[in-house]
Amino acid sequence: MDTVNKKYDIELTVLSPLAIGAGAERDWVKGMDFVVKDNNIYLLNMKKMIEYGINPAELTTFFASKNHRGLLRKVERFLGEVSDRIMSLPADSNNDIKTFIKNELSGKPIIPGSSLKGALRSVILKYLLRGERPERLNEKNYFGDANEGDELMRFIKISDAEFEDTALVNTKIFNLHKVGNNWEGGWKHAFRGRPGSPATDNHFNPIGFNTIYESLLPSQRSRCTIMLSELGFNKISTHSHLEEKEELFNIHELFNTVNQHTYDYISKEIDFFNNYSQAENSNKIISQLNRISNEIPDHDELCDSCVLKMSAGSGFHSITGDWQYEDYAINQVGEQKFKSRKIAIYRERFYPMGFVKLFIRRQGQIQ
């Protein structure tokens, strides 16, 4: 390991369904990008469809109106031959399927290093605030200024992590709603007979205001690297809070900081779902939160692993670093308004989205 940059080989394990969007323009649209048959989606290849004799003008007409039934009838006889991929559909949805970002060369799904770094930055922000809750937060006061060359995160570099495959996962919105003068937990649906209007009640229904995500699944693994440039950072003699920030360039202290943050966050989430447990299956969400919390190692000066929350479905509290609120309770006037959570449902388990575990690999370690 050189003296300028400390480079660590990291094994990354997915703990709950994880989705990182490729962008709305790449989402899959029913009747254009795919058709559905026998609870599977078939991702269509236009070139193959034309090779099988379908008139391009007809395809354009189908695509323009998103005519799923007409398109399916047209390609049904040779559906497998004109499809690039067949995937199991967990539930029907009126929304586009949110696609996962891919490596442009290999076509395989990746967790970009920038996404990991962004999640890490949120944790570091809370660490640097040290319990302060400023009315107006100027992050340059804590991270430094990129224009001055002393922005903290430029001295932390993380590579992409590439995976082999993805699957489709259904998601629903767990939402609080008023019952009399009290807030209760529930699931967001559509009013019966009014598909464009939302409603929340205690009953769980897998469809109705649900979104399908192309996701990585629990237990999938990959590898990446983390590089910490402590020497480069220490050359900035005028950097504010220098001593506090030096601790972050010790990988074990950094992981301990992440673990403490994640443990506090999960504890508040468990309290939230216990407090608003009127909704069906809320106990299953709590069960998964407890399982993920158990993956967090005990505080140790030589901590080799950490649990981090990131990506789509993370929710307001996770994305911002969670420094504003001591708890997630909603008061009577709804002042703390972040009362919804996106929950992934896969094989009858109810997951909070986006948890991963990072583990430092040693030289010669057997995978």
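About the cut-offs
Residues numbered from 1 in each chain as written. Predicted model: local features only at pLDDT ≥ 70, side-chain atom pairs only at ≥ 80, totals over all residues. Heavy atoms only, no water. Disulfide = S-S within 2.5 Å. Core = buried A, V, L, I, M, F, W, Y, C linked by side-chain atoms within 4.5 Å. Buried < 20%, exposed > 50% of the residue type's maximum accessible area, 1.4 Å probe, protein only. Helix = DSSP H or I, 4+ residues; strand = E, 2+ residues; numbered from the N terminus. Contact = heavy atoms within 4.5 Å. Pairing = 2+ DSSP bridges. Axes fitted to C-alpha atoms, helices over the stretch in contact; angles between N-to-C directions. Salt bridge = Lys/Arg side-chain N within 4 Å of Asp/Glu carboxyl O. Arc of directions from axis to C-beta. Parallel < 35°, antiparallel > 145°, perpendicular 65-115°, else oblique. Left-handed = near helix turned anticlockwise from the far one by under 90°. Nonpolar A, V, L, I, M, F, W, Y, C, P; charged D, E, K, R; others polar. Polar contact = N/O pair within 3.5 Å; in protein donor to acceptor, adjacent residues only side chain to side chain.

Novice: In this structure, what is going on with the state of the cysteines? I would like to understand it.
Specialist: Note on terminology: a disulfide is the covalent bond linking the sulfur atoms of two cysteines. In total, this model carries 0 disulfides according to the counting rule given. Looking at Cys-303, it has no disulfide partner, and the nearest cysteine sulfur is the one in Cys-306, 7.1 Å off.

Novice: I would appreciate a short explanation of the nonpolar core in the present structure.
Specialist: It is characteristic of soluble globular proteins that their nonpolar side chains tend to be buried jointly. Core analysis: the biggest nonpolar cluster contains 44 residues, and Leu-12, Leu-18, Ile-111, Ile-124 and Phe-255 have the highest contact counts within it. Breaking this core down by element, the ones donating at least two residues are β1 (6–14), α4 (113–129), α5 (140–143), β6 (156–158), β12 (221–228), α8 (251–275), β13 (305–309) and β16 (355–360). Counting residues per element, this core draws most heavily on α4, which supplies 9 residues. Excluding anything up to four places from it in sequence, Leu-18 contacts Phe-100, Ile-111, Glu-214, Ser-215, Leu-216, Met-310, Ser-311, Gly-354 and Val-356.

Novice: Looking at this structure, I do not really get the sheet that holds strand β3 (residues 40–44). What am I missing?
Specialist: Strand pairing in a sheet relies on backbone hydrogen bonds, with the paired strands running either antiparallel or parallel. A sheet is described by the order of its strands in space; here 3 strands give the open sequence β2-β3-β4, paired in antiparallel fashion. In this open sheet, the two strands that pair with only one neighbour each are β2 (34–37) and β4 (83–88). Direction aside, neighbouring strands of the sheet carry axes that sit 25° apart on average. Note: β3 against β4, 5 bridges, orientation antiparallel. Each bridged residue has a counterpart across the sheet, and for Asn-40 the counterpart in β4 is Ser-88. Helix-sheet contacts for helix α3 (residues 68–75) involve β2 and β3, and the interaxial angle to β2 is about 80°.

Novice: Got a minute to help me understand the sheet that holds β13 in this structure?
Specialist: The antiparallel open sheet is built from 5 strands, whose spatial order is β6-β12-β1-β16-β13. Either end of the sheet is taken by a strand with one partner, and the two such strands are β6 and β13. Averaged over all adjacent pairs, the angle separating strand axes in this sheet is 30°, with direction ignored. Strand direction decides the pairing type here: β6 and β12, joined by 3 bridges, are antiparallel. For Ile-158, the partnering residue across the bridge sits in β12 and is Ile-226. On top of the sheet, α4 reaches β1, β6, β12 and β13; it is set at about 140° to β6, its chief contact.

Novice: Is there a simple way to think about the pattern of salt bridges in this case?
Specialist: Should their charged atoms come close, side chains of opposite charge can pair. Under the definition given, this model contains 15 salt bridges. Linking Lys-48 and Asp-84 is a salt bridge whose minimum nitrogen-to-oxygen distance equals 3.2 Å. Placement of Lys-48 in helix α1 (residues 46–51) and of Asp-84 in strand β4 is noted, with a sequence separation of 36 residues between them. Glu-214 is paired through a salt bridge with Lys-102; the nearest N and O atoms lie 3.0 Å apart. Here Glu-214, found in strand β11 (residues 211–215), pairs with Lys-102, found in the loop between β4 and β5 (110–111); they are 112 residues apart in sequence, far enough to count as distant. It is possible to trace a salt-bridge network through shared partners that takes in Arg-85, Lys-102, Asp-165 and Glu-214.

Novice: What's the story with helix α2 (residues 56–65) in this structure? I'm lost.
Specialist: Considered for burial, the residues of α2 that qualify are Leu-59, Phe-62 and Phe-63. End-on, the buried residues of α2 take up no more than an arc of 95°, which puts them together on one face. Residues of α2 that are exposed and angled more than 90 degrees away from the buried face: Thr-61 and Ala-64. As for α2, its buried residues are in contact with α1 and α3. One or two residues past the end of α2 sits Lys-66, with phi positive at roughly 50°.

Novice: Would you mind going over the packing of α8 against helix α9 (residues 282–293) with me for this structure?
Specialist: Helix-helix packing is described using two parameters, namely the angle between the two axes and the distance between the axes. Their axes nearest at 10 Å, the elements α8 and α9 cross at an angle of 165°. As summarised for this structure, α8 and α9 are arranged roughly antiparallel, according to the angle between their axes. The hand of the α8/α9 crossing is left-handed. Packed against α8, whose contacting residues are Tyr-263, Ile-266, Glu-269, Ile-270, Phe-273 and Asn-274, the element α9 presents Ile-285, Ile-286, Leu-289, Asn-290, Ile-292 and Ser-293 at the interface. Looking at the contact of α8 with α9, its residues break down into 8 nonpolar, 3 polar and 1 charged.

Novice: In this structure, what is going on with the side chain of Ser-83? I would like to understand it.
Specialist: For Ser-83, the position within the fold is in strand β4. Side-chain polar atoms of Ser-83 contact the backbone oxygen of Leu-79, separated by 2.7 Å. For Ser-83, the residues in contact, after removing those within four places along its chain, are Tyr-42, Leu-43, Leu-44 and Lys-48.

Novice: Just to check I follow, could you spell out the environment of Glu-295 for this structure?
Specialist: As for its position among the elements, Glu-295 is in the loop between α9 and β13. A residue is classified by how much of its surface remains accessible, and Glu-295, at 28% relative accessible area, is partly exposed. Separated by 280 residues in the primary sequence, Glu-295 and Leu-15 place their C-alpha atoms 8.8 Å from one another. Residue contacts for Glu-295: discarding those within four places in its chain leaves Leu-15, Val-307 and Lys-357.

Novice: It is not clear to me how the pairing of β12 should be interpreted in this structure. Could you clarify?
Specialist: Note on strand geometry: in a regular strand, side chains alternate between the two faces of the sheet. Two elements, β1 and β12, share 8 bridges in a ladder whose sense is antiparallel. Note on β12: the bridge partner recorded for Glu-11 is Arg-223.

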